[in-house]
Amino acid sequence: MLLSAQPEWADVTPTPQLEAPGEPVVRIRYDEDYEDAMGLLRSLMAKQELSDRALHLTSVVIFMNSAHLTVWEYRRCILRALNSKARWLAELEFMHEVNELNTKNYQLWNHRRAVVEVLLPSDTEERRRASLLKGETLESEHTLDKELEHIEEVFESDAKHYHAWAHRQWVTERHGCWKRELALTEEMIERDPHNNSAWNYRFYVIQSCGVSSGSLQAHVAHAIGALERGLDNEAVYAFLLGLLFRGPHRKAPQEDVAAVIQGLLTERQGGGARWVSFQATLSYSLALRLAGLEDGNLMLWTSPAFSSLPCPKALAQSAVKKWEWLKMADGVRKGAYELKIKIALSTIRTLPE
Amino acid sequence: MALTPTEFETSSLRKKVVALLDEGRALRRGDDGSTATSTDSFLSCFDKAEVEGHARFLLSGLSLLKPGFRSLDASRPWLLFWIVHGLSLLGIEYEGTGENLTPASWYPFSPVTEELARTLGGAPSKTSCLGFVASCQNSSGGYGGGPQQLSHVATTYAAVAALVVVGGRDALEQVDREALASFLGRMQVKHGKRKGAFTVHVGGEVDMRACYLVMAVFRMVGLDPATFLDLDAMVEYIRSCQTYEGGFGGEPGNEAHGGYSYCAFAALALAGRHGEVDIYQLLEWASGRQQSVEGGFNGRTNKLVDSCYSWWQGALLCLIEEHLCQEIDLGEREDTVFHSGALQDWILLCCQLPPKSGGLRDKPGASPDYYHTCYALSGLSLCYRRGAMPHNRTDLLCNVREDKLLALDERLRREHKHTR
């Protein structure tokens, strides 16, 4: 039996969808259940009924179309009006069920943040609102650990789940809970060293928590270690360059940075196009910094620790030589290498001998 | 040594792809062996049957869609845009003041077959399309995913872009530009960590898509975003989303991703502020996205190729190159900065469905859909940009045909509505 025919809904006249008159355009042949539920929901939304039965109706529709953002937003309005802790807690199970149906869904993850803001308040305003919630403190309270666990469960079925990683960043940033994060990335990288989402998150954690003496070498060693499982791993090269030039290097001791760079500039036997490309980028990026053309106000690059390295011009020229070779060895990127060579040559003309 | 999970799925896909590329290239060599050069129009990639197949596939969604499409019930303006934009690239459009979908005057495969003619005859009129879009507009400004739905910046973009594509004098008449600008301005976050960014709808998520969608809408309707938005704050937010890899994530700290990177750079370009991010590092990352075996692009490092990135990554690289050329004298540019031959082979030999069903797909093994058909065709057209006529080029910043955007600009200027 359709919902609208049930006694519970006898007082509601369904509101039809106001399709444009004339020929159908991208019109969906809704099945009866969906059309019927939406008809009722439109009527409730029109009179802004914020009740338990309205809440239930939003569940019915969301299970049929988990991307219906208007309905998700209405659901949140209802939850706020009901202001019941039990109702917000029940969202965890509801979202779990929706996730089973479709995990790659913006609305679900946006809703999850709204729920976490209520159940795990992190600032004065959120705590104030939480204190106004009706209902007893229940046994199955939600905790930060449970939230982090949930995210890891999602990684079990999709280790590169974009929304899940983004959600984790959001949670750790608002709660400042960094304890487990580096270890998590090590586990994920061990499972799959090609998991760039894990490397990206690792960089984020290191950047947020800083680099202490000796740890830069440790991070580099760990990354090089991952190359044992395959030299053709773009994620590792990007990560290494990131450590050295995109932030973490600012807080590391100068000798550490210089020593690491010295080591990486050494030729590696059997390296393919990716390794050569990495070294070229490393040389060129270093050249720009030693010449004061990039990162100019960082004292690091004028440190005597770098004095044993080739001069900027030589470094830049060695990069150009590698890119010339790569035009043939990595032909799909020929156009990009040509561009990089042209840019480098014009820079080299400005460098002292 | 055991394969990592990534290597396992990549090698499985590559087996299929290499087989299709080998087969396709052998067949091609069996013909007269001529390959289209970049001076040919984009449609020279296809034969008549292929074009008609894709056209029929797109047309199959323009009127009525099966019940399973209810999962896209909040995205109907997108469905309209993917379909009419895809058709317009194939040379099928509502021409001039005409009410019916017809092949354009420059369509190279005239006359169309009887079958296609019949399908075109059954397609909705221009007025019906415009009417549908209007039914999604809200008095508070912007467009929702369907009638009586919350305005969303994505469906607003799709609705406006669909209007531009469907074209004609009156296409933008229905747009309440004042309410629209007010809606878009309200979506900008005014305080806190995400200041400058945009929410996609009231109570919705905040991410990089929104910056682009908002800016693209302002561009198409001919309004100056500086009047309604804090562009400095937007630029700061976008800068904060560039990762160590060089690409952009959806939010600060998120992994560099093709869709978000296109949105970031295109939003900046629309604001005239592309110089304010590390373009060199962006080039570094973006150029790594084209895969040497498959020829197509992936969206993130070490992920699988997907034909839709032909647009997001391809257009991004075209924009990067355009900007770098303005900064530095790069001399004669023969080809696109990406390998256009490899991209074409990937799209044509691996992602096309045969004429019987038509349409283009994410990758071998996937089913065709309107989204992938739209973006694979958009990406493919990039390979033929250089020297092409405006009706054969899609605008890099809005992804609507250049001639249609130019016609719109001209009309808005004549009516003194253009404030950019």
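All figures in this text were calculated on a predicted structure; none of them were measured in a lab.

Colleague: Can you lay out helix α3 (residues 76-89) of chain B for me, pointing to particular residues and giving the numbers?
Modeller: Residue and element names in this part refer to chain B. When the terminal C-alpha atoms of α3 are compared, their 20 Å separation across 14 residues agrees well with the 20 Å that a helix rising 1.5 Å per residue should span. Most of α3 is tucked away, with 14 of its 14 residues classed as buried. A positive backbone phi angle near 90 degrees is found at glycine 91, which sits one or two residues after α3.

Colleague: Explain the packing of aromatic side chains residue by residue, including any values.
Modeller: Residues and elements named next belong to chain B. Evaluation of the coordinates by the stated rule reveals 35 aromatic pairs over all chains. Consider the rings of tryptophan 78 and tryptophan 82, whose centres lie 5.9 Å apart with planes at 25 degrees: the pair is stacked. Here the residue tryptophan 78 and the residue tryptophan 82 both occupy positions in helix α3, the gap between them amounting to four residues, near one helical turn. Looking at tryptophan 78, the relative accessible area reads 15%, which means it is buried. A residue is classified by how much of its surface remains accessible, and tryptophan 82, at 10% relative accessible area, is buried. Consider the rings of tryptophan 82 and tyrosine 371, whose centres lie 5.5 Å apart with planes at 75 degrees: the pair is edge-to-face. Placement of tryptophan 82 in helix α3 and of tyrosine 371 in helix α15 (residues 370-382) is noted, with a sequence separation of 289 residues between them. One aromatic cluster is present, formed by Trp78, Phe81, Trp82, Tyr157, Tyr212, Tyr262, Trp311, Trp312, Tyr371 and Tyr375 through successive ring pairs.

Colleague: If you had to explain the side chain of threonine 185 of chain A to someone new, which residues and values would you point to?
Modeller: Residue and element names in this part refer to chain A. Its place among the elements puts threonine 185 in helix α9 (residues 181-191). Residue classification places threonine 185 among the buried positions, given a relative accessible area of 0%. From its side chain, threonine 185 meets the backbone oxygen of leucine 182 in a polar contact 2.7 Å long. Setting aside chain neighbours within four positions, we find threonine 185 in contact with Ala198, Tyr201 and Arg202.

Colleague: Now, about empty space enclosed by the protein: what can you tell me, with residues and values included?
Modeller: Residues and elements named next belong to chain A. For the structure on display, the rule yields seven cavities of 30 Å³ or more. Roughly 70 Å³ of internal volume is contained in the largest cavity. Broken down by element, the lining of the largest cavity gets its largest block of residues, four residues, from helix α8 (residues 162-175). Per-class residue counts for the lining of the largest cavity are four nonpolar, four polar and one charged.

Colleague: Describe in detail helix α4 (residues 85-101) of chain A, supporting the description with residues and values.
Modeller: Residue and element names in this part refer to chain A. Along its 17 residues, α4 runs 25 Å from first to last C-alpha, staying within 8% of the 24 Å computed at 1.5 Å per residue. The complete set of buried residues in α4 reads Lys85, Trp88, Leu89, Glu91, Leu92, Phe94, Met95, Val98 and Asn99. On its buried side, α4 packs onto α2 (52-64), α3 (69-82) and α5 (106-119). Where α4 starts, the residue carrying a side-chain oxygen 3.3 Å from the main-chain nitrogen of alanine 86 turns out to be serine 84.

Colleague: Break down the environment of valine 115 of chain A for me, with residues and values.
Modeller: All names here are of chain A. Within the secondary structure, valine 115 sits in helix α5. When its relative accessible area of 1% is taken as the criterion, valine 115 is described as buried. Distance in space between the C-alpha atoms of valine 115 and valine 236 is 35 Å, their sequence separation being 121 residues.

Colleague: Summarise the layout of surface pockets; cite the residues concerned and give the values.
Modeller: Taken as a whole, the second largest pocket spans an internal volume of roughly 1600 Å³. Around the second largest pocket, the lining is made up of 49 residues, and of these Arg113, Glu117 and Trp170 of chain A together with Arg194 and Val206 of chain B lie nearest the centre. At the level of elements, α3, α5, α6 (124-131) and α8 of chain A are the ones that each hand at least two residues to the lining of the second largest pocket. Counted by class, the lining of the second largest pocket contains 18 nonpolar, 14 polar and 17 charged residues.

Colleague: Go over the packing of helix α7 (residues 177-186) of chain B against helix α8 (residues 208-221) of chain B with me, naming the residues and quoting the values.
Modeller: How two helices pack is summed up by the angle between their axes together with the distance between the axes. All names here are of chain B. Where α7 contacts α8, the two axes come as close as 11 Å, and the packing angle between them is 160 degrees. The angle between α7 and α8 places the two elements in the roughly antiparallel class. In this structure, α7 meets α8 at a crossing whose hand is left-handed. Contacts between α7 and α8 pair Arg177, Leu180, Ala181 and Leu184 from the former with Val214, Val217, Phe218 and Val221 from the latter. When the residues that make up the contact of α7 with α8 are grouped by side-chain class, the tally is seven nonpolar, no polar and one charged.

The rules behind each value
Residues numbered from 1 in each chain as written. Chains lettered and ligands numbered in written order. Predicted model: local features only at pLDDT ≥ 70, side-chain atom pairs only at ≥ 80, totals over all residues. Heavy atoms only, no water. Helix = DSSP H or I, 4+ residues; strand = E, 2+ residues; numbered from the N terminus. Expected span 1.5 Å × (residues − 1). Buried < 20%, exposed > 50% of the residue type's maximum accessible area, 1.4 Å probe, protein only. Phe/Tyr/Trp six-rings, centres within 6.5 Å; stacked < 30°, edge-to-face > 60°. Polar contact = N/O pair within 3.5 Å; in protein donor to acceptor, adjacent residues only side chain to side chain. Contact = heavy atoms within 4.5 Å. 1 Å grid on protein atoms, 1.4 Å probe; cavity = no way out; pocket = protein on both sides within 12 Å on 5 of 7 lines; lining within 4 Å. Points joined across faces, edges and corners; volume = space filled by probe spheres on them. Nonpolar A, V, L, I, M, F, W, Y, C, P; charged D, E, K, R; others polar. Axes fitted to C-alpha atoms, helices over the stretch in contact; angles between N-to-C directions. Parallel < 35°, antiparallel > 145°, perpendicular 65-115°, else oblique. Left-handed = near helix turned anticlockwise from the far one by under 90°.

Note that all results are geometric; they support no functional claim without further evidence.
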